[in-house]
Amino acid sequence: MSEKMQQLINEAEQDLLHTYNRYQIVIDRGEGTRLYDADGKEYLDFVAGIAVFSLGYHYPGFDEALKAQIDKILHTSNYYYNEPAIRAAHLLKEASRMDRVFFTNSGAEAVEGALKAALKYAYTRRGQDDYEVIALEHSFHGRTFGALSVTGNAHYREAFGTMPCNVRFAEMNDLDSVKALVTDKTAAVIVEPVQGEGGLIPATEEFLRGLRELTKEKDICLIFDEVQCGMGRTGYMYAWQKYGIRPDIMATAKALGSGVPVGAFLLTEETAAYSLTAGDHGTTYGGNPFACAAAAKVLEIYKEKDIPAHVREIAPYFTEKLDGLASKYSCILERRGTGLMQGLVFDRPVAPVIAEAMKNGLILINAGPNILRFVPPLVIGREEIDGMVSILEPILSGLG
Ligand SMILES: *Cc1c(COP(=O)(O)O)cnc(C)c1O
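Engineer: Tell me about the site of the ligand, and name the residues and values.
Structural biologist: Near the ligand the following residues occur: Ser-106, Gly-107, Ala-108, Phe-140, His-141, Gly-142, Glu-192, Asp-225, Val-227, Gln-228 and Lys-254. A distance of 2.7 Å separates an oxygen atom of the ligand from a polar atom in the backbone of Ala-108. Here the ligand has 380 Å² of accessible area as a free molecule, and 81% of this is covered by the chains. Tallied by class, residues from the shell around the ligand come to three nonpolar, five polar and three charged.

Here you go:
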């Protein structure tokens, strides 16, 4: 590492609140599926800013759309209409097959809004304000209080006292465990169709279908958190679309702005009819013209290039390569995931593998201590997959 990069890292550690154990590189720029650090070293990127850069870096036309919006106006507040938000909402409705859109600045805020929308629905329908929410063990929904309260990782909640939602945790893919927690106070069930942080675990069709029937029967809102698994990552615009099991409320973010912070929660018309109305919810920045110009351009590119179709085409090659590694190296217990959202489960911590990969020009992350997570740009081809394997394989063979 150069002195300059070490100096930058030292400064960061003096000034930033230490809430992350960061990898020891300063990322300077990106190009396509490659990242470059402050010393100019190139890396093949299989993280994409955590499932954010689905289109990779500087996708043709994207920067131009952002720059054009900068020259017009960045922000208006939600007291006025703006054209990028109108365009983005239209495209997002079409892509999501939901009916009503509320733009947020992040995934956690999208989850917050989704929960508020569900509680308001229950309040309107039943006239009580004492509700329970069912979430899943190993889920991740974000770090703000509402989102944290439904996050199925006790360690993340531990220091922060009483959570705002009264939440019970069921098991992924175990419908009976959900049924056992339903009471007449249950207002919502919140699920990631593919758990990301929790270990790349896809919900089964049977589980999702069972949840849909159960919640419909009891007039409970079914919320899908598609913040990580949405936007084409599974080969479908949203993971639920593979099975046609439509939620009442959905959260999306991460890839929506391809690097510009923007998220959204969406409602069906039937849910919206009993949910948030004027004065119930708001945001200063959410849905601002700049963020929405980004979202609209991303959605346009997805539509024009059929990004989910590319994922369906390339994912079998990717899984074949990962399965190859899993069967060859005994330190890998299992491959998990779907589409371009995959994990390799190790019999040991993966931190040394990630560190070694980084030295050799490959960016990877974990999901929990023992799982190597792969959430590359969705525009990767065989060349990137082969490149990743050729860096990873010698590291794995060295592990014995
Ligand atoms: C990342 C993530 C969030 C939180 O999004 P932020 O933008 O970090 O607030 C919520 N849900 C899921 C499934 C996520 O992966």
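Engineer: Residue-level account of the domain arrangement of the protein chain, with values.
Structural biologist: Per the domain assignment, the segments making up the protein chain are domain 1 (3-59 + 307-397) and domain 2 (72-305). Each of domain 1 and domain 2 was reduced to a C-alpha centroid, and the two centroids are 26 Å apart. Counting from both sides, the interface comprises 27 residues of domain 1 and, opposite them, 25 residues of domain 2. Of the roughly 2,300 Å² buried where domain 1 meets domain 2, counting both sides, 64% is carbon and sulfur surface. Taken together, the links from domain 1 to domain 2 amount to one salt bridge. Across the pair Arg-373 and Glu-197 runs a salt bridge whose closest N-O atoms are separated by 3.3 Å. Counting across the domain 1 and domain 2 interface gives 10 residue pairs in polar contact (both at pLDDT 80 or more). The biggest single contributor to the side of domain 1 that touches domain 2 is helix H12 (residues 307-328), with four residues. Split by residue class, the side of domain 1 that touches domain 2 holds 16 nonpolar, eight polar and three charged.

Engineer: For the sheet that holds strand S12 (residues 263-267), give the residues involved together with the corresponding values.
Structural biologist: Strand order in this open sheet of seven strands is S4-S12-S11-S10-S7-S5-S6, and the pairing throughout is mixed. Both outer strands of the open sheet, strand S4 (100-104) and strand S6 (166-170), are each paired with one neighbouring strand and no more. Within the sheet, the average angular offset between the axes of one strand and its neighbour, ignoring direction, is 20 degrees. Contacts between helix H5 (residues 107-126) and the sheet are confined to S4, strand S5 (132-136), strand S7 (186-191), strand S10 (221-225), strand S11 (249-252) and S12, with S7 contributing the most and set at about 155 degrees to the helix.

Engineer: Before we move on, could you go through the environment of Val-353 and cite the residues and values that matter?
Structural biologist: Residue placement: Val-353 occurs in helix H13 (residues 351-359). Sequence separation between Val-353 and Tyr-285 is 68 residues; the distance between their C-alpha atoms is 39 Å. Sequence-distant contacts of Val-353, that is, excluding residues within four places in its chain, are made with Phe-346, Leu-372, Leu-392, Ile-395 and Leu-399.

Engineer: Residues and numbers for the packing of helix H4 (residues 83-96) against helix H11 (residues 289-305), please.
Structural biologist: At a closest axis distance of 8 Å, the pairing of H4 and H11 adopts a crossing angle of 40 degrees. Taken together, the axes of H4 and H11 are oblique relative to one another. In the packing of H4 onto H11, the handedness of the crossing is left-handed. Taken together, the residues of H11 that come into contact with H4 (itself represented by Pro-84, Ala-85, Arg-87, Ala-88, Leu-91, Leu-92, Glu-94 and Ala-95) are Pro-289, Cys-292, Ala-293, Ala-295, Ala-296, Leu-299, Glu-300 and Lys-303.

Engineer: Account for the nonpolar core, with residues named and values stated.
Structural biologist: Formed by 81 residues in total, the largest nonpolar core has its most connected members in Leu-372, Phe-374, Met-388 and Leu-392. Looking at which element gives the most residues to this core, the answer is H11, with nine residues. Each of domain 1 (3-59 + 307-397) and domain 2 (72-305) gives at least three residues to this core. Not counting residues up to four positions away in its chain, the partners in contact with Met-388 are Leu-44, Phe-46, Phe-318, Leu-322, Leu-362 and Phe-374. One finds Val-111, Val-167, Cys-221 and Ala-251 within the second-largest nonpolar core, a separate group that totals 24 residues.

Engineer: So what's going on with the environment of Glu-132? Which residues, and what values?
Structural biologist: As for its position among the elements, Glu-132 is in strand S5. Classification of Glu-132 as buried rests on a relative accessible area of 6%. Considered as a pair, Glu-132 and Ala-187 are 55 residues apart in the sequence and their alpha carbons are 5.8 Å apart. Once you skip the residues sitting within four places of it in the chain, Glu-132 turns out to touch Asn-166, Arg-168, Leu-181, Thr-183, Lys-185, Thr-186, Ala-187 and Ala-188.

Engineer: An account of the layout of surface pockets is requested, with residue identities and associated values reported.
Structural biologist: Estimated volume of the second largest pocket: approximately 1,100 Å³. Forming the walls of the second largest pocket are 31 residues, and the residues nearest its centre are Asn-78, Val-101, Phe-102, Phe-103 and His-281. Contributions of two or more residues to the lining of the second largest pocket are made by H4, S4 and S12. Here the lining of the second largest pocket takes five residues from H4, the largest share from any one element. The residue inventory of the lining of the second largest pocket, partitioned by class, reads 14 nonpolar, 13 polar and four charged.

Engineer: Describe the state of the cysteines, and please don't skip the residues or the numbers.
Structural biologist: Under the criterion given, the structure shown has zero disulfides. Counting only cysteine sulfurs, Cys-221 is the nearest neighbor of Cys-165, a cysteine outside any disulfide, at a range of 13 Å. When its relative accessible area of 15% is taken as the criterion, Cys-165 is described as buried. Accessibility expressed as a relative area gives 1% for Cys-221, which makes it buried.

Engineer: Explain the sheet that holds strand S16 (residues 365-366) residue by residue, including any values.
Structural biologist: The strands that make up a sheet pair up through hydrogen bonds in the backbone, lying either parallel or antiparallel. If you walk across this open sheet you meet the four strands as S13-S14-S17-S16, and the pairing is antiparallel. The sheet is open, and its two borders are formed by strand S13 (332-338) and S16, each paired with just one other strand. Bridge analysis of S13 against strand S14 (residues 341-346) gives six bridges, and the strand direction is antiparallel. Residue pairing in the sheet places Thr-338 in a bridge with Met-341 of S14. Sitting on the sheet, H12 touches S13, S14 and strand S17 (371-374), and the angle it makes with S14 is about 0 degrees. Taken strand by strand, helix H14 (residues 382-399) contacts S13, S14 and S17, and its axis lies near 175 degrees from that of S17.

Cut-offs applied
Residues numbered from 1 in each chain as written. Predicted model: local features only at pLDDT ≥ 70, side-chain atom pairs only at ≥ 80, totals over all residues. Heavy atoms only, no water. Near = heavy atom within 4 Å. Polar contact = N/O pair within 3.5 Å; in protein donor to acceptor, adjacent residues only side chain to side chain. Areas by Shrake-Rupley, 256 points an atom, 1.4 Å probe, with all protein chains shown as cover. Nonpolar A, V, L, I, M, F, W, Y, C, P; charged D, E, K, R; others polar. Domains from an automatic or database assignment. Contact = heavy atoms within 4.5 Å. Buried area = accessible area lost by both parts, 1.4 Å probe. Salt bridge = Lys/Arg side-chain N within 4 Å of Asp/Glu carboxyl O. Helix = DSSP H or I, 4+ residues; strand = E, 2+ residues; numbered from the N terminus. Pairing = 2+ DSSP bridges. Axes fitted to C-alpha atoms, helices over the stretch in contact; angles between N-to-C directions. Parallel < 35°, antiparallel > 145°, perpendicular 65-115°, else oblique. Left-handed = near helix turned anticlockwise from the far one by under 90°. Core = buried A, V, L, I, M, F, W, Y, C linked by side-chain atoms within 4.5 Å. Buried < 20%, exposed > 50% of the residue type's maximum accessible area, 1.4 Å probe, protein only. 1 Å grid on protein atoms, 1.4 Å probe; cavity = no way out; pocket = protein on both sides within 12 Å on 5 of 7 lines; lining within 4 Å. Points joined across faces, edges and corners; volume = space filled by probe spheres on them. Disulfide = S-S within 2.5 Å.

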